Amino acid sequence: MKIALLEPIGVPAEMIEDYGKRLESMGHEFCYYDSLWKNEEELKERSRDCDIIMIANHPCSGEVIEAAQNLKMISVAFTGIDHVGTAVCKAKNIMVCNAAGYSNQTVAELIIGFAVDALRNVVKADHVVRNGGTSAGIGGREICGRTVGIIGLGQIGTMAAKLFQAFGAKVIAYNRSQSQEAIDRGITYCSLDEVLEQSDIVSLNLPLNEETRGFLNKERIAKMKPDTVFINCARGPIVDNEALTEALNEDRLGFACIDVFDCEPPIPEDYPLLHAKNTILTPHQAFVSEESMKRRAEIVFQNVFAYLKKKPQNVCKL
């Protein structure tokens with residue numbers, strides 16, 4: 001089979017070459033690209049004769065997949081697969097496997113970092129000290145004793161909840177199903193309205209799909225307290241970001257820490273959140289750490305090895 005890694009995945013070339021040698025020793029052809037494609041036509045050319053492709057978080061449309069006539073399996077070096085043309089994959093019986101779990105710790109740690117930064121005015125304090133100021137009026141608040149609401153208690157949400165509990169926070173959660181393990185850990189399940197209305201910190205951790213697109217709309221944003229810290233390290237389109245901007249600028253929401261947007265960075269200059277008060281914005285980096293990149297590389301290649309052994313793993317429902 002011809003197997004190709006179509007884009008960089010954030011690990012040293014030596015690591016990829018080692019996996020490639022293993023595939024070649026099994027009688028397969030392997031190639032990889034150390035730069036992102038310039039346009040969809042180039043992506044089509046890279047994947048055209050492949051039986052298996054590996055991608056990360058950049059779009060791989062149904063048109064690209066349709067053009068890859070030999071394609072049988074896609075290994076995605078990412079948790080979400082909303083950037084993959086899954087309708088075509090389903091129609092052509094192409095298996096899609098993801099790298100679920102690789103970034104749980106990394107994303108959860110940034111969520112905690114966001115909360116600390118927002119509550120303790122870290123960005124403002126940095127500006128103050130660089131301009132000859134003092135700590136007067138910027139001491140902030142603690143996580144300990146606050147109520148944290150987790151919307152979406154999957155693996156990342158659960159990890160974040162554990163870390164918040166270690167800080168001494170009370171954790172409540174909204175999720176479609178309930179886990180006895182979470183209950184045993186002292187996490188209280190509530191309705192969505194209760195989570196929004198009661199929480200001092202709200203962390204959004206839902207996947208993006210047709211059910212969750214626009215989930216946190218203007219009406220739901222309005223249910224949060226005026227001093228709430230809102231954190232989104234999930235997906236941008238889950239939130240009405242124009243309504244979020246309005247709430248921030250009108251002091252109906254305390255602070256927003258946003259890692260994801262309606263498009264991938266670089267963000268257009270007229271994007272609403274770029275001009276909102278009381279925000280920390282990062283360029284979709286929550287999943288990126290030295291450790292997480294190595295974990296996902298291992299998972300994405302192991303998915304391929306498992307498929308070749310006819311024992312597929314991390315198979316996504318299409």
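Data block above holds the structure.
Quick notes on the sheet that holds strand β3 (residues 52-55)
Within a sheet, each strand pairs with its neighbour through backbone hydrogen bonds, oriented either parallel or antiparallel.
Next up, step 1: Taken in spatial order, the five strands make up an open sheet running β2-β1-β3-β4-β5, and their pairing is parallel. On the outer flanks of this sheet lie β2 (29-32) and β5 (95-97), each paired with one strand and no other. Across the sheet, the mean angle separating the axes of adjacent strands is 15 degrees when strand polarity is ignored.
Next up, step 2: Alignment of β3 against strand β4 (residues 73-76), held across four bridges, turns out to be parallel. Residue pairing in the sheet places Met54 in a bridge with Ser75 of β4.
Next up, step 3: Relative to β4, helix α12 (residues 290-308) is tilted by about 155 degrees, and along the sheet it contacts β1 (2-5), β2, β3, β4 and β5.

Considerations on the packing of helix α1 (residues 13-25) against α12
Next up, step 1: Contact geometry for α1 and α12: axes closest at 11 Å, N-to-C directions at 10 degrees. Regarding the angle of α1 to α12, the classification is roughly parallel. Across the interface between the two elements, Met15, Ile16, Tyr19, Arg22 and Leu23 from α1 touch Lys294, Ala297, Glu298, Phe301, Gln302, Val304, Phe305 and Leu308 from α12.
Next up, step 2: Across the contact of α1 with α12, the residue classes break down as nine nonpolar, one polar and three charged.

Structural notes on the sheet that holds strand β6 (residues 147-151)
Next up, step 1: Spatial ordering of the open sheet is given by β8-β7-β6-β9-β10-β11-β12, a layout of seven strands whose pairing is parallel. Edge positions in the open sheet fall to β8 (188-189) and β12 (279-281), since each of these has one partner strand only.

Observations regarding the pattern of salt bridges
Close approach of charged atoms allows side chains of opposite charge to pair.
Next up, step 1: Evaluated as defined, the whole model comprises 16 salt bridges.
Next up, step 2: Between Glu45 and Arg48 there is a salt bridge, with the nearest N and O atoms lying 3.4 Å from each other.
Next up, step 3: Its salt-bridge partner being Asp227, residue Arg141 comes within 3.6 Å of it at the nearest N-O pair. Of this pair, Arg141 sits in the loop between α6 (122-130) and β6 while Asp227 sits in the loop between α10 (218-221) and β10 (229-232), and the two are 86 residues apart along the sequence.
Next up, step 4: Residue Asp227 is classed as partly exposed on the basis of its relative accessible area, which comes to 36%.
Next up, step 5: Each member of the salt-bridge network shares a partner with another, and the members are Glu41, Lys44 and Glu63.

Some words on helix α11 (residues 241-249)
Next up, step 1: For α11, the set of buried residues is Asn241, Ala243, Leu244, Thr245, Ala247 and Leu248.
Next up, step 2: Residues of α11 that are buried in the fold lie against α10, β10, β11 (255-258) and β12.
Next up, step 3: The backbone nitrogen of Glu242 has a side-chain oxygen 3.2 Å away, supplied by the residue at the start of α11, namely Asp240.

Re the packing of aromatic side chains
Next up, step 1: Summed over all chains, the structure comprises seven aromatic pairs.
Next up, step 2: Ring geometry for Tyr19 against Phe301: centres 4.5 Å apart, planes inclined by 10 degrees, an arrangement best described as stacked. Taken together, the residues span a long stretch of sequence, with Tyr19 in helix α1 and Phe301 in helix α12 at a distance of 282 residues.
Next up, step 3: Residue class for Phe301 comes out buried when judged on its relative accessible area of 0%.
Next up, step 4: Members of the aromatic cluster, joined through ring pairs, are Tyr19, Phe30, Tyr32, Phe301 and Phe305.

Observations concerning the layout of surface pockets
Next up, step 1: If you add up the space inside the largest pocket, you get close to 1300 Å³.
Next up, step 2: What lines the largest pocket is a set of 44 residues, and nearest its centre among them are Thr79, Asn205, Leu206, Pro207 and Leu208.
Next up, step 3: Mapped onto the lining of the largest pocket, the elements with two or more residues apiece are α5 (104-119) and α7 (155-166).
Next up, step 4: In terms of residues, the lining of the largest pocket owes the most to one element, α7, which gives three residues.
Next up, step 5: Looking at the lining of the largest pocket residue by residue, the classes come out as 19 nonpolar, 17 polar and eight charged.
Next up, step 6: Considered as a void within the structure, the second largest pocket measures approximately 310 Å³ in volume.
Next up, step 7: Lining the second largest pocket are 18 residues, with Asp82, His83, Leu208, Arg235 and Glu264 sitting closest to its centre.
Next up, step 8: Residues of the lining of the second largest pocket, tallied by class, amount to eight nonpolar, four polar and six charged.

Focus: the side chain of Thr106
Next up, step 1: Structurally, Thr106 is set in helix α5.
Next up, step 2: By relative accessible area, Thr106 is classed as buried at 11%.
Next up, step 3: Discounting residues that sit within four places of it in the chain, Thr106 has contacts with Ala286, Phe287, Val288, Ser289, Ser292 and Arg295.

Cut-offs applied
As a convention, each chain's residues are numbered from 1 in the sequence order in which they are written. A pLDDT threshold of at least 70 governs which residues receive local features in this predicted model, and a stricter bar of 80 or more applies before side-chain atom pairs are shown or counted, although totals over entire chains, interfaces and linings include all residues. Calculation of side-chain values draws on the structure's entire complement of heavy atoms; hydrogens and water are dropped beforehand. Any two strands between which DSSP finds at least two bridges are classified as paired. Numbering goes from the N terminus for both helices and strands, where a helix is a DSSP run of H or I of at least four residues and a strand is a run of E of at least two. Axis definition: a line fit to C-alpha positions, over the contact stretch in the case of helices; interaxial angles, taken between N-to-C directions, run 0 to 180 degrees. Residue contacts are counted whenever heavy atoms from the two residues lie within 4.5 Å of one another. Each angle receives one of four descriptions, namely roughly parallel if under 35 degrees, roughly antiparallel if over 145, roughly perpendicular if within 65 to 115, and oblique otherwise. Nonpolar residues are Ala, Val, Leu, Ile, Met, Phe, Trp, Tyr, Cys and Pro. Charged residues are Asp, Glu, Lys and Arg, and all others, Gly as well, are polar. By definition here, a salt bridge exists when the distance from a side-chain nitrogen of Lys or Arg to a carboxyl oxygen of Asp or Glu is within 4 Å. Each residue is assigned to one of three classes by its accessible area relative to the maximum for its type, calculated with a 1.4 Å probe on protein chains only: buried under 20%, partly exposed between the two thresholds, exposed over 50%. Polar contact is the term for a pair of N or O atoms within 3.5 Å; when the atoms are in protein, one must be able to donate a hydrogen and the other to accept it, and sequence-neighboring residues count only if both atoms are side-chain atoms. Two aromatic rings from Phe, Tyr or Trp, using only the six-membered ring of Trp, form a pair when their centres are within 6.5 Å; if the ring planes differ by under 30 degrees the pair is stacked, by over 60 it is edge-to-face, and anything between is tilted. Points on a 1 Å grid over protein atoms alone make up a cavity when a 1.4 Å probe fits among them but cannot get out, and a pocket when they form an open set with protein on both sides within 12 Å along at least five of seven lines; lining residues each have an atom within 4 Å of a point. Grid points are joined across faces, edges and corners, and a volume is the space filled by probe spheres set on the points.

Taken by themselves, the reported measurements are silent on function.
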